[in-house]
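Next come the chains, spelled out residue by residue.
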Amino acid sequence: MRRDYPNLCKPLQVGRVTLRNRMCSAPLGATDILADGTPGPRTLGFYEMRAKGGAAAVTVSELVVHPDTDGSQMLKLSLSTPGQLGAFTYVADAIKRHGAIASIELSHSGQYAGTYMVDKKKKGALCQYGPSDGVRPDGLPVKALEQGQIADIVAAYANAAGLAKRAGFEMVMVHAGHGWLINQFLSPYFNKRTDEYGGPLENRVRFAREVLQAVRDEVGPGFPIELRMSGSELFDGGYDLEEGCRIAEALEDLVDIIHVSAGSYQFGFSMTHPSMFRDHGCNVHLAAEIKKHVKVPVATVGGLSDPAQMEEIVSSGMADIVVMGRALLADPEIPNKVMANRGDEIVKCLRCFVCMAERPVTQTRRCAVNPRIGREFEGMAIAPAAEKKRVLVVGGGVAGLVGAWVAAKRGHEVTLCEAQGELGGILRSERPLPFKRDMFRLGQTYALLCERAGVDIRLNTPVDAAFAEKFAPDALIAAVGSEPMKLPIPVQEDVRVLTVDDLYLAPSVAAAPIGEEAAPSAKEADSWLSYGTTEVSEDPAAAAVADLVGDEVVVIGGGLTGCECALLLARLGKTVHIAEMRDGLAIDANIRNRPILLAELADAGVDEVVNARALEVTADGVVVETPEGQRTLPAQTVICAIGQRSRRAAADALLDAAPFVRVVGDARRPANITLAVYEAWHAAMDI
Ligand SMILES: Cc1cc2nc3c(=O)[nH]c(=O)nc-3n(C[C@H](O)[C@H](O)[C@H](O)COP(=O)(O)O)c2cc1C
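Here is what the cut-offs are and how they apply
Residues numbered from 1 in each chain as written. Predicted model: local features only at pLDDT ≥ 70, side-chain atom pairs only at ≥ 80, totals over all residues. Helix = DSSP H or I, 4+ residues; strand = E, 2+ residues; numbered from the N terminus. Buried ≥ 20, exposed ≤ 12 C-beta atoms within 10 Å, placed from the backbone. Contact = placed C-beta atoms within 7 Å. Domains from an automatic or database assignment. Nonpolar A, V, L, I, M, F, W, Y, C, P; charged D, E, K, R; others polar. Near = placed C-beta within 6 Å. Pairing = 2+ DSSP bridges. Axes fitted to C-alpha atoms, helices over the stretch in contact; angles between N-to-C directions. Expected span 1.5 Å × (residues − 1). Arc of directions from axis to C-beta. Core = buried A, V, L, I, M, F, W, Y, C linked by C-beta atoms within 7 Å. Parallel < 35°, antiparallel > 145°, perpendicular 65-115°, else oblique. Left-handed = near helix turned anticlockwise from the far one by under 90°. pLDDT = per-residue confidence, 0-100.

## Concerning the overall build of the protein
Right, so step 1: Along the protein, the regular secondary structure elements total 24 helices and 29 strands.
Right, so step 2: A burial count over the protein gives 56% of its 687 residues as buried.
Right, so step 3: Taking contacts inside the protein between residues at least 6 apart in sequence as the whole, the part at least 24 apart equals 73%.

## Some thoughts on the domain arrangement of the protein
Right, so step 1: Here the protein is partitioned into domain 1 (12–346), domain 2 (390–481 + 646–686) and domain 3 (496–527 + 535–642).
Right, so step 2: Taking only C-alpha atoms into account, the centre of domain 1 sits 40 Å from that of domain 2.
Right, so step 3: Counting residues at the interface gives 4 residues for domain 1 and 5 residues for domain 2.
Right, so step 4: Among the residues making up the side of domain 1 that touches domain 2, the classes are represented as 2 nonpolar, no polar and 2 charged.

## Concerning the environment of Glu105
Right, so step 1: For Glu105, the position within the fold is in strand E6 (residues 101–107).
Right, so step 2: Other than its neighbours up to four places away in sequence, Glu105 contacts Pro27, Thr59, Val60, Ser61, Glu62, Leu63, Met173 and His175.

## A word on the site of the ligand
Right, so step 1: Close to the ligand lie 23 residues, the nearest being Ala26, Gly29, Ser61, Gly325 and Arg326.
Right, so step 2: Of all the elements in the fold, those that place two or more residues in the shell around the ligand are strand E3 (23–28), strand E4 (57–64), helix H12 (326–330) and helix H14 (354–362).
Right, so step 3: In terms of residue count, the dominant contributor to the shell around the ligand is E3 (3 residues).
Right, so step 4: For the shell around the ligand, a count of residues per class yields 10 nonpolar, 9 polar and 4 charged.

## Side note on the sheet that holds strand E9 (residues 141–144)
Right, so step 1: Strands sit in the order E7-E9-E8 across an open sheet of 3 strands; the sheet is mixed. Because the sheet does not close on itself, it has two edges, and the strands there are strand E7 (128–130) and strand E8 (134–135).
Right, so step 2: Bridge analysis of E8 against E9 gives 2 bridges, and the strand direction is antiparallel. Each bridged residue has a counterpart across the sheet, and for Gly134 the counterpart in E9 is Val142.

## Section: the sheet that holds strand E27 (residues 637–640)
Right, so step 1: Strands sit in the order E20-E27-E21-E22-E23 across an open sheet of 5 strands; the sheet is parallel. Edge positions in the sheet fall to strand E20 (496–499) and strand E23 (607–609), since each of these pairs with one other strand and no more. Strand-to-strand twist in this sheet, taken as the mean axis angle between neighbours without regard to direction, amounts to 20°.
Right, so step 2: As paired elements, E20 and E27 share 4 bridges and run parallel to each other. Bridge assignment links Thr499 to a residue of E27, and that residue is Cys640.
Right, so step 3: Helix H21 (residues 560–571) contacts strand E21 (552–556), strand E22 (575–579) and E27 of the sheet and is inclined by roughly 170° relative to E22.

## What to know about helix H2 (residues 85–96)
Right, so step 1: If you check H2, its first and last C-alpha atoms are 16 Å apart, about what 12 residues at 1.5 Å a residue would give, namely 16 Å.
Right, so step 2: Turning to H2, its buried residues number three or more, namely Ala87, Phe88, Val91, Ala92, Ala94 and Ile95. For H2, the arc enclosing every buried residue in end-on projection is 160°, short of the 170-degree limit, so these residues lie on one face.
Right, so step 3: Here the buried face of H2 lies against helix H1 (41–52), E4, E6 and helix H4 (147–166).

## Some words on the nonpolar core
Right, so step 1: Core analysis: the biggest nonpolar cluster contains 228 residues, and Tyr157, Val172 and Ile556 have the highest contact counts within it.
Right, so step 2: Counting residues per element, this core draws most heavily on H4, which supplies 10 residues.

## Let's talk about unusual backbone geometry
Only a minority of non-glycine residues have a phi that is not negative, and only a minority of peptide bonds are not trans.
Right, so step 1: Positive phi is not limited to glycine here, since His178 has a value of about 60°.
Right, so step 2: For Arg351, which is not glycine, the phi torsion reads 55° and is therefore positive.
Right, so step 3: Position of Arg351 among the secondary structure elements: in the loop between helix H13 (334–339) and H14.

## Description of the environment of Ile95
Right, so step 1: Counting through the fold element by element, Ile95 comes out in helix H2.
Right, so step 2: When the C-alpha atoms of Ile95 and Gly621 are compared, they prove to be 60 Å apart, with 526 residues separating the residues in sequence.
Right, so step 3: Residues within four places of Ile95 in sequence aside, it is in contact with Tyr47, Glu48, Ala51, Val58, Ala100 and Ala102.

## Observations regarding the pairing of strand E24 (residues 613–618)
Right, so step 1: Bridging between E24 and strand E25 (residues 621–626) involves 5 bridges; their strand directions are antiparallel. Its bridge partner being in E25, Thr618 is matched across the sheet by Gly621.
Right, so step 2: The loop that links E24 with its antiparallel partner E25 comprises 2 residues.

## Things to note about the pairing of E25
Two faces make up the sheet, and in a regular strand the side chains alternate between them.
Right, so step 1: Examined bridge by bridge, E25 and strand E26 (residues 629–634) share 6 bridges and lie antiparallel to one another. What sits directly across from Thr626, in E26, is Gly629.
Right, so step 2: Hairpin connection of E25 to E26: 2 residues between the antiparallel strands.

## Regarding the environment of Ala570
Right, so step 1: Structurally, the position occupied by Ala570 is in helix H21.
Right, so step 2: Look at Ala570 and you get buried, because 22 C-beta atoms sit within 10 Å.
Right, so step 3: Sequence-wise, Ala570 and Val394 are 176 residues apart; in three dimensions their C-alpha atoms are separated by 37 Å.

## A look at the packing of helix H8 (residues 241–251) against helix H10 (residues 284–291)
Right, so step 1: One way to put it is that H8 packs onto H10 with a least axis distance of 9 Å and a crossing angle of 50°. Classified by the angle their axes make, H8 and H10 are oblique. Judged by the sense of rotation from one axis to the other, the crossing of H8 with H10 is right-handed. Here Leu241, Gly244, Cys245 and Ala248 of H8 come into contact with H10, specifically with Leu286, Glu289 and Ile290.
Right, so step 2: Per-class residue counts for the contact of H8 with H10 are 5 nonpolar, 1 polar and 1 charged.

## Focus on the confidence of the model for the protein
Right, so step 1: Model confidence for the protein is summarised by a mean pLDDT of 92, while 95% of its residues fall at 70 or above.
Right, so step 2: Of the regions scoring below 50 in pLDDT, residues 517–533 engages in 33 contacts with residues more than four places distant in sequence or in other chains.

## A look at the packing of helix H15 (residues 398–409) against helix H16 (residues 437–452)
Right, so step 1: Two numbers describe how H15 lies on H16: the axes approach to 9 Å, and their chain directions differ by 30°. By the angle between their directions, the pair H15 and H16 is classed as roughly parallel. Classified by chirality, the crossing of H16 by H15 is left-handed. Here Val398, Leu401, Val402, Ala404, Trp405 and Ala408 of H15 lie close against H16, whose contacting residues are Leu442, Gly443, Tyr446, Ala447, Leu449 and Cys450.

So, in structure tokens, the structure goes:
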């Protein structure tokens with residue numbers, strides 16, 4: 001067969017093992033880790049799903065190698081006694097039985113021990129160790145490791161590697177990036193030692209070399225060792241890409257793959273996990289540069305999900321392997337889809353950080369677009385229905401599309417009716433925002449999946465009780481969505497007040513094309529050094545938004561929607577004020593996305609006015625009341641982003657339209673895409 005992405009599909013020999021293709025699953029912290037540090041059943045399912053999806057290697061993260069000095073995070077795998085081997089063996093088996101290479105990440109977080117611990121008392125009682133004495137950003141003291149402790153930790157890496165091999169893992173990843181312990185030794189910022197582990201680079205790599213040598217001695221020749229490093233620490237005082245190349249050169253003789261990630265948890269979380277505000281593949285240039293300096297295969301990671309872009313990375317020689325983290329949570333089947341020339345069916349990661357935000361809050365994992373994540377064994381796999389039914393889905397937004405697709409995949413006869421002339425619902429509004437484009441395209445992907453699953457899609461078809469009665473479905477999913485709330489305050493005549501939908505769905509905006517995110521080419525690799533957001537003004541649809549508003553704008557409502565609108569307008573060169581009643585912006589954003597969004601707003605120069613109640617819109621702008629008194633925020637255009645209201649009445653009218661009726665998504669309660677997808681998926685599973 002002719003493959004659409006031939007280079008991504010090529011096997012690669014690494015040591016004694018063969019990667020079946022070039023697409024690997026990044027280490028992703030698991031969900032249920034039992035009190036003794038062993039993986040629970042959901043963890044097994046969590047990793048197995050990506051092995052089944054076709055990844056060449058699936059790396060289990062993070063195995064604490066030395067619990068005595070790495071009190072570590074709230075959830076950590078630990079393999080400190082051979083008595084714990086069984087649970088790890090089951091996980092390795094679950095990965096291998098689907099043809100993937102089972103790998104495990106050997107980790108020591110050094111001074112970051114306990115960073116993500118929810119139990120603050122426990123965290124405060126931990127002792128954090130690093131190469132040098134210091135103070136962490138959260139104020140906790142860090143103690144320099146003594147030489148005896150270093151030797152113990154080196155031996156612990158080897159011990160863990162040996163145990164992992166015994167449990168059936170066929171490869172190990174040594175975590176030397178992201179600011180973790182080995183990275184701390186490599187870094188001139190953290191490592192202030194004056195002994196043979198500090199100072200010049202040949203000393204700073206000593207700890208890494210000792211670890212890798214000890215692991216190699218333990219696992220023997222031919223057993224692949226993958227070194228995960230940050231190509232650059234990406235902050236002033238840390239090592240840069242030039243030094244990253246020297247580090248790779250100094251370590252390559254001991255490893256089989258150099259896996260180039262980016263950044264440090266000290267700063268720049270959104271570099272290590274490129275946020276939606278960064279270009280896809282913004283870290284690839286780091287791998288591409290390191291690849292010029294080493295002979296072993298090089299892997300790249302960060303914001304990758306597009307098969308055409310990944311194919312180009314491999315075919316142009318920027319990297320030999322592409323590694324995906326969040327993209328494989330969103331769609332574990334990416335490698336299988338690439339192999340089967342079904343790349344257009346990939347459900348892309350939104351880079352919304354739901355996956356990372358959920359664990360500290362509920363101690364589970366979730367994915368906005370893949371409801372099975374963290375719930376792998378809860379009967380949510382799409383399975384054929386026992387009895388074929390006629391299903392009517394009302395509404396073609398994200399909830400309706402997911403419900404229709406899942407129901408059709410289960411073998412039901414599904415009709416989806418959408419009142420508008422286009423599918424996508426609220427996702428259509430994301431179109432002109434370059435940083436939300438993956439979300440806009442999600443609607444298109446689900447529409448394609450529905451079409452291929454045989455859903456009968458009827459546009460311009462509103463459904464009321466009479467229509468439904470006549471249609472007589474066995475089951476009905478009411479996914480009629482929500483609409484923007486109107487401004488409940490006086491507005492002087494002649495002042496333009498627009499909802500975000502008025503703006504984003506305006507005919508001139510809809511007519512403007514969206515700038516395709518350019519697939520990076522080898523020639524352009526150097527120019528990615530900007531780590532940038534694509535220039536919004538270069539995007540015709542975004543630029544068309546600019547033409548609809550004056551030079552100074554007030555956005556009323558500083559929730560996620562208002563903040564994103566303010567950011568777009570500020571990036572388009574407008575002077576933007578946000579007026580928010582509560583005492584902070586984007587309070588509805590998740591705890592990982594919010595600080596990144598707030599940093600983007602500050603960077604774009606948005607004037608943030610919190611604790612501000614809008615009283616009136618006048619010809620001069622918006623009069624707000626703040627604790628300091630009344631003031632007018634000047635504006636030629638006012639954007640109303642005060643929230644959504646369910647189309648509850650439309651949904652209620654359908655409650656008796658079929659034996660099985662389920663109201664899902666915004667129609668039930670305006671919330672977020674995670675809930676809409678989750679509810680719709682389940683509704684379809686329950687039919
Ligand atoms: C939910 C989640 C958990 C992660 N856990 C780990 C981990 O335990 N160890 C690690 O080295 N990296 C971890 N990472 C980082 C990923 O391996 C990867 O480097 C990062 O997400 C960037 O890749 P992506 O843009 O493809 O997601 C995690 C990322 C996510 C999203």
